[in-house]
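# Analysis of the macromolecular model
Listed below, chain by chain, are the residues.
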Amino acid sequence: MAAELPERASPDALLTLAGDERSGRLKIFLGAAPGVGKTYAMLSAARAAMADGREVVLGLVETHGRRETEALVEGFEVLPRRPVVYVNRILSEFDLDKALKRRPDLILIDELAHSNIPGSRHLKRWQDVEELLAAGIDVWTTLNVQHLEGLNDIVHRITRVQVRETVPDHVFEDADDIVLVDLPTEELLKRLAEGKVYVEDMAARARKRFFKPENLTALRELTLRRAAERIDADLVDRMQAQAIEGPWAAGERILACIGPDEDAPMIVRAAKRLADTMDAPWIAVFVERPGHQPSENGPLHVDKALKLAQSLGADTRMLAGSDIASELLRFARTENVTQIVLGRSRSGFMRELLRRSLPHELLRRADGIAIHVVTARALVAPASATARPAKPTFRALPLVWSTLGVAAATGVGQVLDRITAFPNLSMVFLLGVVFSAVTFGIWPAIYASVLSFLVYNFLFIEPLYTFTVAQPDELLSLVIFLAISVVTATLAGRAREQAQIAVGRMRATRRLYEFTRKVASVADFGAIPQAAAKEIHAGLERPVAILVKRDGELELAGSSPPCDALDTAAMSAALWTFEHAEPAGAGTATLPSVPWLFLPLKTTRGTLGVVGVGYDEQRSDLDPETRTLIATLAEQTASALDRASLSREMVAARGAAETERVRNTLLASISHDFRTPLSSILGSATSLIDYRDKLGEDAQREMLQQIKIEAEGLDDMVRNLLSMTRIDAGVLEVRKDWVDLRELVERVVSTASRRGLSHKITVSLPSSLPLVRVDARLIEQALSNVIANIRAHTPPETRVVIDAQVSGQAVKLRISDDGPGIAPEVLPHVFDKFVHAQRAEARADGGESTGLGLTIAKGIMDAHGASIAVESPVAKRHGTRVILRFALEEAPK
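Bear in mind the structure is a predicted one, so any value in this text is a computation, not a measurement.

### Overview of the overall build of the protein chain
What the protein chain contains, in helices and strands, is 26 helices and 25 strands. Relative to its 893 residues, the protein chain shows a buried fraction of 42%. Considering only residue pairs separated by 6 or more positions, the protein chain has 70% of its internal contacts joining residues 24 or more positions apart.

Okay, structure coming up:
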């Protein structure tokens, strides 16, 4: 029988526990309502921790004037608060930067759900706490249960009080420790009456609204349940990490279907609570219907609900399909969803009769998937005196044009009725309906349908000029006409809307394509930000700025319209986005008062910079489609910058590799080429020193001559190296003067012969050869290098001919040899560094070459504005010719 294998610990649970060791630890003191003693319990625990030797700092503690709480504050180090000017008042706020700089072992921060004063780095205090935890600082804080985002709608229904300050559930769930601070309802009401919770006036109002006994009892039960769920989840993680067996969840998966209405957040919270109860992952989706025009606030409701779902830990998706039920079930089966949560239908009675609602359709077709219908409606808080509901927009122009279209159809019908017996004049009115549908949409077309129905009945159906219908068949015709016109209006209007949506998407796609194409065509890293900023500005019609990091500083690299620099607040938001790789600025929870939205330019290798989109003076928010477009453009910009950066690094790497190769080749060449003449010089000098008395005068003279020749050869090599360095640096100095090429060639040939050149050189230059304006010293060096190249790569018996040819406004100096020639694969590279054209067998005189001669000759000729070329073979299968071409200038008399 096989032995039992030991139970393995859960990898996810181990990673969760391991993650706890990588950052600061969070402890939350949870209560059901204000006044239960959360701050008091936190300070008491902090005193005990300080007595045990922990370093404790009070970052922010609200005592609310309670004497017993103020007594506990004494003895602690209190972090100074940050003064903030708001609405002409100086307020104090928690100083996050001082806390990060102080970096204590433990910091106490009261009221986790608090909203920071506008102008602060983060919108909410819980975000400050997360930054402290990321810095490795332990945090203790307080929280009331009504501030949990997932319970917001339940608290609203219990207390009829809308809680505005909320904390995402993941902050509560990720806390390392939860301390439940509980107080019986009667005792809490007693404390309220004694003024230990609020002052007298506030206490009286609170007793009438929030602090009702039934409210406090319900909140207390809600707190106990939520704390128990959190402790149970922590217990499961511990048991899984230690491989302890238990009844685990059976793989439930929740899907929340949200709509474009105010009920969407309530559905999200209901799905979150169901997922928490079943310890199951969940997804929030919205299904967009092509051709369906949402309400004016519909996209904002959807965007708000999806953001809420993300903050509560859901995975969010955007789907598209004409049949919402089919698309939901297709997605649910693909994602292995076991339960669907959605709201009840908002359709009226007649619409329910004509077509099943979404919940009914899902119940009929969802085999094996549980359907949860949230029947409650979102409670809308009463509007204040200053907040007035927006009036629905009414456009009269489409109705006027629709009326004119029906009037035109009436006129055409009157004319046709008089001149011919037209069998069915109602077809003429359908033209007016189609005109309205195609031009203005569904509702103006339906208006035209009804108006056409009435006009046709009044003017063309007996008895005339009344709405009475005498014949039953005429009544049937009228009803059929109305039905056909309404259907035609609906179809034509829907086709118009679909065409408009298609055109909008085509424009967005084309805009994205043009942006990608234009940015991809820019190869220079420094030019990409400006090109991208210009394209994004053209598409969004908003100010755009792109910042990249250069020399350790975040700098403005591109903007449209052009600007020199961003203000301090905008730069702070941009720097925060760059450092944290998260959006900041307007419309976000970090520095929302800054009138810019900054997105990171993230790549697989890190963040390269940020892109900022400016808000107008009205600070109108961006719709979800525009935000998606900006995010996509930011990704494309990041990809282009990454590609250019990689290209730049590749070029630099190639340059470094080439430099290293040249350095190694140069060192090898110098060490090899210098060794032979140095050995000869050293040998001759040693012989002269040791055996001078035994050597004859001729032998001594020969050795001295050899030393001189080898030294001159070394001098030529050093001059070549220096010239190569100047050519590479672009600082080769050319001093032109009028030179006779015949004298220059004779001098080069004489020097080569004196240094032991065994080749037979024939100089055939015409006496009428014109003067050229060159640097005699450099051209002599170039000619010497060509002769030295022939000497190094041809046999000693090779014949060399130097002649010249005048053609047009140029002189061609030709140096030809009858050697073996240059191989075709080597010929294109003869002017490259360290290229040795192996054209012949080893030289008899053992001469060497650095492989820089022709390269230097070409550099010298280029510096003169002249040219040099090599031809091979010259004769049949052998021979090489080097042609130096000089431009002719008018010489002085």
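### Quick word on the environment of Ser 44
Tracing the backbone shows Ser 44 in helix H2 (residues 38–51). Along the backbone, Ser 44 and Thr 69 are 25 residues apart, and their C-alpha atoms lie at a distance of 9.3 Å. A distance of 2.9 Å separates a polar atom in the side chain of Ser 44 from the backbone oxygen of Tyr 40.

### Quick word on the sheet that holds strand S16 (residues 584–585)
Pairing is antiparallel across the open sheet formed by five strands, whose spatial order is S15-S14-S18-S17-S16. The strands lining the two open edges of the sheet, one partner per strand, are strand S15 (553–560) and S16. Relative to strand S17 (residues 596–603), S16 runs antiparallel, the two being bridged by two bridges. Looking at the pairing, Gly 585 lines up with Leu 597 of S17.

### A short note on helix H13 (residues 324–334)
Turning to H13, its buried residues are Ala 325, Glu 327, Leu 328, Leu 329, Phe 331 and Ala 332. For H13, the elements touching its buried residues are strand S9 (254–257), strand S10 (282–288), strand S11 (315–320), strand S12 (339–343) and helix H15 (358–365). At the C-terminal side of H13, Asn 336 shows a positive phi close to 60°.

### Quick notes on the sheet that holds S11
The strand order across the open sheet formed by five strands is S11-S10-S9-S12-S13, and the pairing between neighbours is parallel. Both outer strands of the open sheet, S11 and strand S13 (370–374), are each paired with one neighbouring strand and no more. Shown here is a sheet whose adjacent strand axes are inclined to one another by a mean of 25°, direction ignored. Strand direction decides the pairing type here: S9 and S10, joined by four bridges, are parallel. Its bridge partner lying in S10, Ile 254 is registered against Trp 282. Packed on one face of the sheet, helix H11 (residues 264–278) meets S9, S10, S12 and S13 and runs near 155° to S12. Taken strand by strand, helix H12 (residues 298–311) contacts S10 and S11, and its axis lies near 145° from that of S11.

### Things to note about the packing of H11 against H12
Close contact between H11 and H12 brings their axes to 9 Å; oriented N to C, the two are set at 20°. The orientation of H11 relative to H12 falls into the category roughly parallel. Between H11 and H12 the crossing geometry is right-handed. Two secondary-structure elements touch here, H11 through Ala 264, Pro 265, Val 268 and Arg 269 and H12 through Ala 305, Leu 308 and Ala 309. For the contact of H11 with H12, the residue count by class is six nonpolar, no polar and one charged.

### Brief notes about the nonpolar core
Core analysis: the biggest nonpolar cluster contains 62 residues, and Phe 94, Leu 108, Leu 132 and Leu 143 have the highest contact counts within it. In this structure, Phe 94 is in contact with Gly 59, Leu 60, Leu 79, Arg 82, Ala 99, Ile 107, Ile 109, Asp 128 and Leu 132, ignoring residues within four places of it in sequence. Ranked by size, the runner-up nonpolar core spans 43 residues in total, among them Leu 741, Leu 744, Val 772 and Leu 813.

### Observations regarding the pattern of salt bridges
When their charged atoms lie close together, side chains carrying opposite charge are able to pair. This model, assessed by the stated rule, comprises 40 salt bridges. Here Lys 858 makes a salt bridge to Asp 862, at a shortest N to O gap of 3.6 Å. Here the residue Lys 858 and the residue Asp 862 both occupy positions in helix H26 (residues 853–863), the gap between them amounting to four residues, near one helical turn. Put simply, Asp 169, Glu 173, Arg 226, Lys 272 and Asp 276 are held in one network by salt bridges that share partners.

### Examining helix H24 (residues 741–754)
Here H24 contains 14 residues, and its C-alpha end-to-end distance of 20 Å stays within 8% of the 20 Å for a straight helix at 1.5 Å per residue. Listing the buried residues of H24 in full gives Leu 741, Leu 744, Val 745, Val 748, Val 749, Thr 751 and Ala 752. Down the axis of H24, the buried side of the element spans an arc of 160°, and every buried residue falls inside it. N-capping of H24 is provided by Asp 740, with a side-chain oxygen placed 3.1 Å from the backbone N of Arg 742. Just downstream of H24 lies Gly 756, where phi reads positive at about 95°.

### Comments concerning unusual backbone geometry
Here the residue pair Ser 560 and Pro 561 is connected by a cis peptide bond, since its omega of -5° sits within 30 degrees of zero. Residue placement: Pro 561 occurs in the loop between S15 and helix H21 (568–580). Cis geometry is found at the peptide bond from Ser 872 to Pro 873, where omega equals -5°. Backbone geometry at Arg 160 places phi at a positive 60°, although glycine is not the residue there.

### Concerning the packing of aromatic side chains
Applying the stated criterion across every chain, the model contains two aromatic pairs. Centroid distance Trp 596 to Phe 598: 6.0 Å. Interplanar angle 20°. Geometry classified as stacked. Judged by its relative accessible area of 14%, Trp 596 falls in the buried class. Judged by its relative accessible area of 0%, Phe 598 is buried. Seen from the ring of Tyr 615, Arg 542 lies directly overhead, with NZ or CZ sitting 5.3 Å from the centre. In this structure, Arg 648 is placed above the aromatic ring of Phe 525, and the distance from its NZ or CZ to the ring centre is 4.3 Å.

### Things to note about the packing of helix H16 (residues 397–419) against helix H18 (residues 442–460)
The interhelical angle for the contact between H16 and H18, taken along N-to-C directions, is 30°, at an axis separation of 9 Å. Between H16 and H18, the angle is such that the two are roughly parallel. Read as a crossing pair, H16 and H18 show a hand that is right-handed. Along its contact with H16, which presents Pro 398, Leu 399, Ser 402, Thr 403, Val 406, Thr 410, Gly 413, Gln 414 and Asp 417, the element H18 presents Pro 444, Tyr 447, Ala 448, Leu 451, Ser 452, Val 455, Leu 459 and Phe 460. Here the contact of H16 with H18 is composed, by residue class, of ten nonpolar, six polar and one charged.

### A look at a nonpolar patch on the surface
A cluster of nonpolar side chains, namely Leu 397, Val 400, Trp 401, Leu 404 and Phe 435, defines an oily patch on the protein surface of about 480 Å² accessible area. Looking at which element gives the most residues to the nonpolar patch, the answer is H16, with four residues.

### Side note on the environment of Phe 831
In this structure, Phe 831 sits in the loop between strand S23 (810–817) and H26. For Phe 831, a relative accessible area of 17% corresponds to the buried category. Sequence spacing of Phe 831 and Ile 856 is 25 residues, and the spatial spacing of their C-alpha atoms is 8.3 Å. Apart from the residues within four sequence positions on either side, Phe 831 is in contact with Leu 854, Thr 855, Lys 858, Ile 868, Ala 869 and Val 870.

### Describing the confidence of the model for the protein chain
Scored by pLDDT, the protein chain comes out at a mean of 79, with 84% of its residues at no less than 70. Throughout residues 1–8 the model reports pLDDT below 50, and contacts reaching past four residues in sequence, or to other chains, amount to three contacts. Confidence drops under pLDDT 50 across residues 245–250; counting only partners more than four residues distant or on other chains, this segment forms seven contacts.

### Some details on the side chain of Lys 27
Among the structural elements, Lys 27 can be located in strand S1 (residues 26–31). In contact with Lys 27, not counting residues within four places along its chain, are Val 139, Trp 140, Thr 141, Asp 177 and Val 179.

Rules used throughout
- Residues numbered from 1 in each chain as written.
- Predicted model: local features only at pLDDT ≥ 70, side-chain atom pairs only at ≥ 80, totals over all residues.
- Heavy atoms only, no water.
- Helix = DSSP H or I, 4+ residues; strand = E, 2+ residues; numbered from the N terminus.
- Buried < 20%, exposed > 50% of the residue type's maximum accessible area, 1.4 Å probe, protein only.
- Contact = heavy atoms within 4.5 Å.
- Polar contact = N/O pair within 3.5 Å; in protein donor to acceptor, adjacent residues only side chain to side chain.
- Pairing = 2+ DSSP bridges.
- Axes fitted to C-alpha atoms, helices over the stretch in contact; angles between N-to-C directions.
- Parallel < 35°, antiparallel > 145°, perpendicular 65-115°, else oblique.
- Left-handed = near helix turned anticlockwise from the far one by under 90°.
- Nonpolar A, V, L, I, M, F, W, Y, C, P; charged D, E, K, R; others polar.
- Core = buried A, V, L, I, M, F, W, Y, C linked by side-chain atoms within 4.5 Å.
- Salt bridge = Lys/Arg side-chain N within 4 Å of Asp/Glu carboxyl O.
- Expected span 1.5 Å × (residues − 1).
- Arc of directions from axis to C-beta.
- Phe/Tyr/Trp six-rings, centres within 6.5 Å; stacked < 30°, edge-to-face > 60°.
- Lys NZ or Arg CZ within 6 Å of the ring centre and 35° of its normal.
- Patch = residues over 30% accessible without salt bridge, like charges linked within 9 Å, V, L, I, M, F, W, Y side chains within 5 Å.
- Areas by Shrake-Rupley, 256 points an atom, 1.4 Å probe, with all protein chains shown as cover.
- pLDDT = per-residue confidence, 0-100.

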